[in-house]
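# Inside the fold
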Amino acid sequence: MEKPVRYRVGNLDIAVICDGYIKLDAGAVMGLVPRVLWEPIIGPENIDREHRMKLSLNCIVVRSGDEVLLVDTGMGDKVQGTPRERGFPGEYGKLLEGLRALGLGPEDVTVVANTHLHADHCGWNTRRAGDGRLVPTFPRARYIIQAGEFDAAMHPNERTRGTYFEENFAPLAESGQLELVEGETELIPGVTYWPTPGHTADHASIVLSSAGETAIYTGDLVHHAVQIERPAWIAAFDILPLMSLESKKKLAERALRENALLICVHNPFPGAGRLIERDGRRTFVPA
Ligand SMILES: [Zn+2]
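The following paragraphs examine the structure supplied in this document.

Rules used throughout
- Residues numbered from 1 in each chain as written.
- Predicted model: local features only at pLDDT ≥ 70, side-chain atom pairs only at ≥ 80, totals over all residues.
- Heavy atoms only, no water.
- Buried < 20%, exposed > 50% of the residue type's maximum accessible area, 1.4 Å probe, protein only.
- Helix = DSSP H or I, 4+ residues; strand = E, 2+ residues; numbered from the N terminus.
- Pairing = 2+ DSSP bridges.
- Contact = heavy atoms within 4.5 Å.
- Expected span 1.5 Å × (residues − 1).
- Arc of directions from axis to C-beta.
- Patch = residues over 30% accessible without salt bridge, like charges linked within 9 Å, V, L, I, M, F, W, Y side chains within 5 Å.
- Areas by Shrake-Rupley, 256 points an atom, 1.4 Å probe, with all protein chains shown as cover.
- Salt bridge = Lys/Arg side-chain N within 4 Å of Asp/Glu carboxyl O.
- Disulfide = S-S within 2.5 Å.
- Donors = N, O, S within 2.8 Å, 3.2 Å for Na, K, Ca; no water.
- Axes fitted to C-alpha atoms, helices over the stretch in contact; angles between N-to-C directions.

### Overview of the pairing of strand β9 (residues 142-146)
Summarising burial for β9: four of the five residues are buried, a large majority. As paired elements, strand β6 (residues 111-113) and β9 share three bridges and run parallel to each other. When the sheet's bridge partners are listed, Ala113 is paired in β9 with Ile144. In the sheet, β9 pairs with strand β10 (residues 178-181) via four bridges, with the strands oriented parallel. Bridge pairing in β10 places Gln146 opposite Val181.

Have a look at this one:
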């Protein structure tokens, strides 16, 4: 298990914990960009024989007063067998160990928020109880989700159904823990949903701001930090790529203006860094 990495953002205490990693087709991660351009940057050693690259599953925990907020919940432990081998290979399911390393149990989490509901971002939202029933993993938490995203996930189409698994979010409505919101919404004091559409229509990043400092948990606005440096590099997973382009430009401007700590979900753990600009060239510098 990766040890939690902590950061201070103004008066907020933030920890990055990791559910593990998945391996996805590298060409899909890099979208229209030819392999000859991205391979020297990613490193050929990071691509396996099946042409897949590792994507870390970084999640964050923010404490503020009595609130314990968990953003994104990784792949979880419910995907097994053929779907795991074919669709979501990797090593994952370690999020609760990460929480424990922070001295927290599932019952300590008061709010869960998902940037979106793809399988690699909400797996630990639920778990299977001993009797086989699906139950929320965090029994006391409010689960806050963008209404449009929840609707898209509950009504997937031919293209999106491969990653929207009802078992990850339908039980939350049944248990009465689901809270649907629209657009920019405060999750806990100092932490806000920030709509960044493109990867999905209602995808939202998470902004932490306190005492003049900012951190942004990007969600899947980028799958690799190079995609912030180069806004035209957009993953094939994005359903609205031109909207991703606009959202990424908005993210980069804000990151530069506020010298924000960026936490990239899928960059190698802990995925945190800052964007700097020199001579018109933007570079992501790991923190
Ligand atoms: Zn993802």
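On we go from here.
### What about the side chain of Asn168?
On the secondary structure map, Asn168 appears in the loop between α5 (147-154) and α6 (170-174). Setting aside chain neighbours within four positions, we find Asn168 in contact with Lys78, Ala119, Cys122, Gly123, Asn125 and Thr126.

### Side note on helix α8 (residues 241-257)
Compared with the 24 Å implied by 1.5 Å per residue over 17 residues, the 24 Å span of α8 between its first and last C-alpha is a close match. For α8, the full list of buried residues reads Ser244, Ser247, Lys248, Leu251, Ala252, Arg254 and Ala255. For α8, the angular spread of the buried residues around the axis is 165 degrees, confining them to a single face. The exposed set on the far side of α8, more than 90 degrees from its buried face, consists of Leu242 and Arg257. Looking at the residues trailing α8, positive phi occurs at Asn259, about 45 degrees.

### Some thoughts on a nonpolar patch on the surface
A surface patch of nonpolar side chains, about 220 Å² in accessible area, is lined by Ile239, Leu240 and Met243. One can find Ile239 in the loop between α7 (226-229) and α8.

### Regarding unusual backbone geometry
At the junction of Phe269 and Pro270, the peptide bond is cis and its omega measures out at 0 degrees in the coordinates. Phi at Ala211 takes a positive value of approximately 50 degrees, unusual for a residue other than glycine. In this structure, Ala211 sits in the loop between β13 (204-210) and β14 (213-217). A positive phi angle, near 50 degrees, is found at Asp279, a position not held by glycine. For Asp279, the position within the fold is in the loop between β16 (272-278) and β17 (281-286).

### Some details on the pattern of salt bridges
On inspection of all chains with the given rule, the structure shows 14 salt bridges. In this structure, Arg52 engages Asp48 in a salt bridge whose closest nitrogen and oxygen atoms are separated by 3.2 Å. According to the relative accessible area criterion, Arg52 is buried, its value standing at 18%. What makes Asp48 partly exposed here is its relative accessible area of 21%. The closest approach of N and O atoms between Glu179 and Arg142, which form a salt bridge, is 3.0 Å. Of this pair, Glu179 sits in strand β10 while Arg142 sits in strand β9; the two residues are 37 residues apart in sequence, bridging distant segments of the chain. By relative accessible area, which is 30% here, Glu179 ends up partly exposed.

### As for the state of the cysteines
Tallied over the entire structure, the rule returns zero disulfides. Lacking any disulfide linkage, Cys59 is separated from the closest cysteine sulfur, that of Cys18, by 7.3 Å. The class for Cys59 is buried, based on a relative accessible area of 1%. The thiol of Cys122 is unpaired, and the distance to the nearest cysteine sulfur, on Cys59, comes to 11 Å. Look at Cys122 and you get buried, because its relative accessible area is 0%.

### Quick word on the coordination of the zinc ion
The coordination sphere of the zinc ion contains the protein donors Asp120 (OD), His121 (NE2), Asp220 (OD) and His266 (NE2), at a distance range of 2.1 to 2.2 Å. Sequence spacing of the donors to the zinc ion: D-H-x98-D-x45-H. Of the two residues, Asp120 sits in the loop between β6 and β7 (126-128) while Asp220 sits in the loop between β14 and α7, which places them 100 residues apart along the sequence. The same class applies to Asp120 and to Asp220, which are both buried.

### Considerations on the environment of Gly98
Residue position: Gly98 is located in helix α4 (residues 95-101). Of the residues examined, Gly98 reaches a relative accessible area of 1% and is grouped as buried. If sequence neighbours within four positions are ignored, Gly98 has contacts with Met1, Pro4 and Ile17.

### Some points on the sheet that holds β17
With mixed pairing, the seven strands of this open sheet are ordered in space as β11-β12-β13-β14-β15-β16-β17. Only two strands of the sheet have a single partner each, and these edge strands are β11 (185-188) and β17. Averaged over neighbouring strand pairs, the angle between their axes works out to 30 degrees when direction is ignored. Relative to strand β12 (residues 191-195), β11 runs antiparallel, the two sharing three bridges. In the strand pairing of β12, Ile188 is matched with Val191. This element, α8, spans β12, β13, β14, β15 (261-263), β16 and β17 of the sheet and lies at about 85 degrees to β16.

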